[in-house]
Amino acid sequence: MLRRQDVGHRVVIRRIVGVRNGRTLYSDALGELVAVDETKLTVATTKGTIVVPLSEVHRAKRVPPQRRPTAADVIALELAADAAWPAPTRGRLGDWLLRSADGWTGRANSALPIGDPDRPLEAAIDAIEAWYAQHGQPAMVNTPLPLAAPVGAALDARGWTARPLVLVQTAPLPPLTADAPGVSLTKTPGDDWLAIYEARKKSLPPAARHVLSAPPEVRFAGVYDGDTLIAAGRGAVVGEQNRWLHLGSIEVVPAYRRTGLARAVTAALANWGAELGATGAFLQVEERNTAAVALYGGLGFTTHHSYLTREQPLSGGRPDAAC
């Protein structure tokens, strides 16, 4: 049976659909698992999203993705993500990126090990640890999978921990687009926009404003109930020839959730991105955030690849070899 850790992956479900002449009839559903709960499975298929009650599930399992993205595809998308969420303080180890933003968000405060670090792997990790120590931060490394699996293995040997798995999901434009009445788009975030986002992030240092506003093509979406901002989101168009629309910071005030506002904000930003020539959208979502994965699955997003944010142990030392 499928479990919550299978959300975001391609699955096949054999479903009991009836009985004829004493024989059980089955139907197979193939798609991406977007939600699991105590009573049902939700799957995004090529014909739309379907909900399968657990009482009707005969068999269900994860299956390999249709096509694993090439290393070049993963690198291009990770570089687009970096451009969409740019850290103000940056360094390099050969092709590897070093990024710092006052500790605000993992993506803006982690090394990105793609390409050639221009030195042996262990020396590159030593250099990462030294760079972050110079900036007064614990070292973190964003490891796209399976591309950076060798880096992850080396970090395991040093006792580095991992944050929850993140899915990097993509969807085509313009099929994602839809009418989005009542959503306003601005070039800069207002105080109320920043406040609604700060409520979730718990802080908003000066570096955060840089990360949010630095891309040349960026828009901040808002939905108001009177004078009160009740939903927000951010989009940035990045990549060669404005190839990608990055979607993020989608927030809805708790009292207004499950009313379609997140979908409306996403659609408004998608319309804007398509106008600038973007042909695809991407976002990052934690695998364990099943509600968000379900929302994005319903909008046509599927998992391109995943990553783990690895964290240096506080002691900074390697574990004992016998442990």
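Source: prediction; values computed, not measured. (Residues numbered from 1 in each chain as written. Predicted model: local features only at pLDDT ≥ 70, side-chain atom pairs only at ≥ 80, totals over all residues. Heavy atoms only, no water.)

### Comments concerning the overall build of the protein
Here is the rule: Each helix is a run of H or I in the DSSP string that is no shorter than four residues. Each strand is a run of E no shorter than two, and both are numbered from the N terminus. We compute the radius of gyration from the C-alpha atoms alone; for a globule the expected value is 2.2 Å times N to the 0.38, where N is the number of residues. Three labels apply to residues, based on accessible area from a 1.4 Å probe with only protein chains included: buried if under 20% of the type maximum, exposed if over 50%, partly exposed otherwise in between.
When you go through the protein residue by residue, the secondary structure sums to seven helices and 16 strands. Relative to the 2.2 N^0.38 estimate, which gives 20 Å for 323 residues, the radius of gyration of the protein is 21 Å and therefore close to what a compact globule would have. By principal-axis analysis of the C-alpha atoms, the protein measures approximately 75 × 60 × 35 Å. Taking all 323 residues of the protein together, 47% fall into the buried category.

### Considerations on the packing of aromatic side chains
This is how the line gets drawn: Put simply, two rings from Phe, Tyr or Trp (the six-membered ring, in Trp's case) pair if the centres are within 6.5 Å, and we call them stacked under 30 degrees between planes, edge-to-face over 60, tilted for the rest. In our convention, an over-ring charge means Lys NZ or Arg CZ found within 6 Å of a ring centre and within 35 degrees of that ring's normal.
Under the counting rule described, the total for this entry stands at seven aromatic pairs. Taken together, a centroid distance of 4.8 Å and an interplanar angle of 80° make the contact between W131 and Y132 edge-to-face. With respect to burial, W131 and Y132 carry one shared label: buried. Aromatic side chains Y296 and F301 sit 5.9 Å apart centroid to centroid with 75° between the ring planes, which places their arrangement in the edge-to-face category. An aromatic cluster is built from W85, W104, W193, Y197 and F220, whose rings are joined through pairwise contacts. Here R14 stacks its cationic end above the ring of Y26, 5.8 Å away from the centre of that ring.

### What to know about the packing of helix 2 (residues 121-134) against helix 3 (residues 149-157)
What counts here: Note on geometry: axes are lines fitted to C-alpha atoms, helical ones only across the stretch in contact, with angles between N-to-C directions running from 0 to 180 degrees. By definition in this entry, angles of less than 35 degrees are roughly parallel, angles greater than 145 are roughly antiparallel, angles of 65 to 115 are roughly perpendicular, and the rest are oblique. In this scheme the crossing of two helices becomes right-handed for a clockwise turn of the near helix relative to the far one and left-handed for an anticlockwise turn of less than a right angle. Contacts between residues were defined by any pair of non-hydrogen atoms, one from each residue, lying within 4.5 Å. Polar here means any residue outside two lists: the nonpolar Ala, Val, Leu, Ile, Met, Phe, Trp, Tyr, Cys and Pro, and the charged Asp, Glu, Lys and Arg; Gly therefore counts as polar.
Between helix 2 and helix 3, the shortest axis-to-axis distance is 11 Å and the interhelical angle comes to 70°. One finds that helix 2 runs roughly perpendicular with respect to helix 3. The interaxial crossing formed by helix 2 with helix 3 has right-handed handedness. Touching L121, E122 and I125 of helix 2 are P150, V151, A154 and L155, all from helix 3. Each residue belonging to the contact of helix 2 with helix 3 can be placed in one class, and the counts come to six nonpolar, no polar and one charged.

### A closer look at helix 7 (residues 290-298)
Rule in force here: Working note: the arc is built from the helix axis to C-beta atom directions.
For helix 7, the complete set of buried residues consists of A292, V293, Y296 and G297. Taken down its axis, helix 7 places every buried residue within 135° of arc, on the same side. The first or second residue beyond helix 7 is G300, which carries a positive phi of 100°.

### Some thoughts on the environment of W104
Following the sequence through the fold, W104 ends up in the loop between strand 7 (96-100) and helix 2. In sequence terms W104 and V265 are 161 residues apart; their C-alpha atoms lie 24 Å from each other. The residues contacting W104, other than those within four sequence positions of it, are W85, N109, Y197, K201, S203, L204, P205, A208, V211 and L212.

### Remarks on the pattern of salt bridges
For clarity, the cut-off: We count a salt bridge whenever a side-chain nitrogen from Lys or Arg sits within 4 Å of a carboxyl oxygen from Asp or Glu.
Applying the stated criterion across every chain yields a total of 12 salt bridges. Two residues, R99 and D82, come together in a salt bridge whose shortest N-O distance is 3.1 Å. In this pair, R99 sits in strand 7 while D82 sits in helix 1 (residues 71-84), placing the two residues 17 residues apart along the sequence. D82 shares its class with R99; the two are buried. The partner of R288 in a salt bridge is E286, and the shortest N-O contact between them spans 2.6 Å. Because the salt bridges share partners, they merge into one network encompassing E122, D126, E129 and R158.

### Quick look at the pairing of strand 8 (residues 140-145)
Counted only if it meets this: Pairing between two strands is assigned when DSSP locates at least 2 bridges connecting them.
Taken across its six residues, strand 8 has five buried, putting it largely inside the fold. Bridge analysis of strand 8 against strand 16 (residues 302-311) gives six bridges, and the strand direction is antiparallel. Following the sheet pairing, P144 is matched in strand 16 by Y307.

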